Amino acid sequence: MLLDAICNSKVYHHNAYYLLGLYVGMTGRKLKRRIEDLQSAREMGTSEWNAVYDKFLLGSVTAPDNELVEDLTERIKDPEFAITESFFWFWPTSEGTDIALDAILAGDKTAAFNNWRRLSTKTGSAAIIAKHNLAVLFHYYAIDAENQRLSGNEGTETPQYLGMLEGFWRTAFHYWELLMDDDDFWDVFMKRVRDFDDPRLDENFVEEFRSQFPISFDNINADFLVNYAKAGKLQEAKRHFVYMTETMKGSDDVDETLNNAFKPQIDKLNIHIRSE
C-alpha cells in the first residue's frame, strides 16, 4: 500500500493537501480553480508565490518548489494517493463552509484548535473527525519540532524544548490510539473512501488500510530513530524506540519495522565490504 511509503518523517511536510492548500474532499471546479491560482502565483514570481503559503503553513516549512507542486498536482489525481494523503490532513466536520478549515487557511491555528477541542467532547461523526484533526495537528507539531531538533536549530537542545516536544508526541499518540480501535472512526473513513467512487477503493481497501496502519505508523518514528543514530545521537534514537514500543501495542511489529528501516544502511555496508 502507498501508506507504507507515505509514513516517514516528511509525512506532513510533503503532504499534497497541505502544500497545495486544498480542502480534503475538494473536487471539480474548486480544485481546478485552486490549481489555476497556484499556476498564476508561480508565474508572478517568488514574492507572490511565498505569499500564497505564508498564512497557512504551520511550522518550519518553506514554500514548495515548482517541481514538487507539479508532481503533487498530478499525483493527487490518483484516488488511492489522494485518499491516503487525506488521511494525514484535516477533514471537514460539516458540509459546506467549515469554520476550522477556513481558520487554518487564514493562518488562525488557535481558532481551529479551539473549534476541534470543543467538538471532540461531543458525540457523533463531527466529534470523531475533530479527534482525528487533533491527532493530525499535534502529530504535525511533534514531527516539525523533531525535525528542527534533529537539525540542531538554536534553542532545540534545551530541557524545556524537549518537554514541549514530548507533550506533542504524547498528545498525538493519545488521539491516534483512541481512533485506531474505534469502529465508528473507520466507518467515517469508509464514507470518505466511498466519496471517491473508485472501484479500487472498497471495503477490502479500508480493511487492509486499517490493519496496515499501526505498522506503517511506526515507520515515522523509525525514520527519526535511524536519522538520530546516523548522527551519533543515541539517546535521541532510543527515545523514538520507546515511542515505537509504547504505541499501537499488539498491532504493530517493531522488530520488522526496524529491520526495514536499517536495511538501506546494511545493504550499503554489504556492498562496500564486498567491493574491497
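This text goes with the structure placed above it.
The present account deals with the structure reproduced in this document.

What counts and what doesn't
Residues numbered from 1 in each chain as written. Predicted model: local features only at pLDDT ≥ 70, side-chain atom pairs only at ≥ 80, totals over all residues. Heavy atoms only, no water. Helix = DSSP H or I, 4+ residues; strand = E, 2+ residues; numbered from the N terminus. Buried < 20%, exposed > 50% of the residue type's maximum accessible area, 1.4 Å probe, protein only. Contact = heavy atoms within 4.5 Å. Areas by Shrake-Rupley, 256 points an atom, 1.4 Å probe, with all protein chains shown as cover. Core = buried A, V, L, I, M, F, W, Y, C linked by side-chain atoms within 4.5 Å. Axes fitted to C-alpha atoms, helices over the stretch in contact; angles between N-to-C directions. Parallel < 35°, antiparallel > 145°, perpendicular 65-115°, else oblique. Left-handed = near helix turned anticlockwise from the far one by under 90°. Nonpolar A, V, L, I, M, F, W, Y, C, P; charged D, E, K, R; others polar. Expected span 1.5 Å × (residues − 1). Polar contact = N/O pair within 3.5 Å; in protein donor to acceptor, adjacent residues only side chain to side chain. Phe/Tyr/Trp six-rings, centres within 6.5 Å; stacked < 30°, edge-to-face > 60°. Lys NZ or Arg CZ within 6 Å of the ring centre and 35° of its normal. Lys, Arg positive; Asp, Glu negative; His and termini not counted. Salt bridge = Lys/Arg side-chain N within 4 Å of Asp/Glu carboxyl O.

1. Focus on the overall build of the chain
Then, number 1: Scanning the chain for helices and strands turns up 14 helices and zero strands.
Then, number 2: In the chain, the order of α-helices and β-strands from amino to carboxyl end is α-α-α-α-α-α-α-α-α-α-α-α-α-α.
Then, number 3: Evaluated residue by residue, the chain yields a buried proportion of 45% over its 276 residues.
Then, number 4: Looking at the chain alone, contacts between residues at least 24 apart form 71% of all its contacts between residues at least 6 apart.
Then, number 5: Element-wise, carbon and sulfur atoms account for 49% of the exposed surface of the chain, whose accessible area totals about 14,200 Å².

2. Examining the environment of Ala 111
Then, number 1: Relative to the assigned elements, Ala 111 resides in helix α8 (residues 109-120).
Then, number 2: Residues Ala 111 and Ala 100, spaced eleven residues apart in sequence, show a C-alpha to C-alpha distance of 6.7 Å.

3. What about the nonpolar core?
A general feature of soluble globular proteins is that nonpolar side chains tend to end up buried together.
Then, number 1: Counting residues in each nonpolar core, the largest one holds 78 residues, and the members touching the most others are Phe 87, Phe 88, Trp 116, Trp 176 and Phe 213.
Then, number 2: In terms of residues, this core owes the most to one element, helix α9 (residues 125-150), which gives 13 residues.
Then, number 3: When sequence neighbours within four positions are dropped, the list of residues in contact with Phe 88 reads Leu 3, Ile 6, Cys 7, Val 11, Tyr 12, Asn 15, Val 136, Trp 176 and Phe 213.

4. Some thoughts on the packing of helix α6 (residues 79-87) against helix α12 (residues 203-230)
Then, number 1: Contact pair α6 / α12: the axes reach a minimum separation of 13 Å and the direction vectors enclose 40°. Classed by the angle they form, the pair α6 and α12 counts as oblique. Seen from above, α6 lies across α12 with right-handed handedness. On the side of α6, the interface is formed by Glu 80, Ile 83, Thr 84 and Phe 87, while α12 contributes Phe 205, Phe 209 and Phe 213.
Then, number 2: A per-class count over the contact of α6 with α12 returns five nonpolar, one polar and one charged.

5. A word on α8
Then, number 1: Taking 1.5 Å of rise per residue, the twelve residues of α8 would be expected to cover 16 Å, and the 16 Å separating its terminal C-alpha atoms lies within 8% of that figure.
Then, number 2: Of the surrounding elements, those touching the buried residues of α8 are α7 (99-105) and α9.

6. Some words on α12
Then, number 1: In this model α12 runs 40 Å from its N-terminal to its C-terminal C-alpha over 28 residues, within 8% of the 40 Å that 1.5 Å per residue would give.
Then, number 2: Backbone nitrogen of Asn 204 and a side-chain oxygen of the N-cap are separated by 3.1 Å at the start of α12; the cap is Asp 202.
Then, number 3: Within two residues after α12, Gly 232 carries a phi angle of roughly 75°, on the positive side.

7. Observations regarding the packing of aromatic side chains
Then, number 1: Throughout the structure, instances matching the rule amount to 35 aromatic pairs.
Then, number 2: A centroid spacing of 6.2 Å and a plane angle of 10° characterise the contact between Trp 91 and Phe 189, whose relative ring orientation is stacked. Residue Trp 91 is located in the loop between α6 and α7, and its partner Phe 189 is located in helix α11 (residues 183-195); the two are separated by 98 residues in the primary sequence. The residues Trp 91 and Phe 189 share a single accessibility class, namely buried.
Then, number 3: We note Arg 192 situated over the ring of Trp 91; from NZ or CZ to the ring centre the distance is 5.7 Å.

8. Details of the side chain of Glu 85
Then, number 1: Structurally, Glu 85 can be placed in helix α6.
Then, number 2: Put simply, Glu 85 is tucked away with no salt bridge, and the nearest opposite charge, on Arg 75, sits 6.7 Å away.
Then, number 3: Among residues more than four places away in sequence, those in contact with Glu 85 are Ile 6, His 14, Asn 15, Ala 16 and Tyr 17.

9. Side note on the environment of His 139
Then, number 1: Its location among the elements puts His 139 in helix α9.
Then, number 2: Judged by its relative accessible area of 0%, His 139 falls in the buried class.
Then, number 3: Here the alpha-carbon distance between His 139 and Tyr 12, two residues 127 residues apart in the chain, equals 8.7 Å.
Then, number 4: Separated by 2.8 Å, the side chains of His 139 and Tyr 12 make a polar contact.

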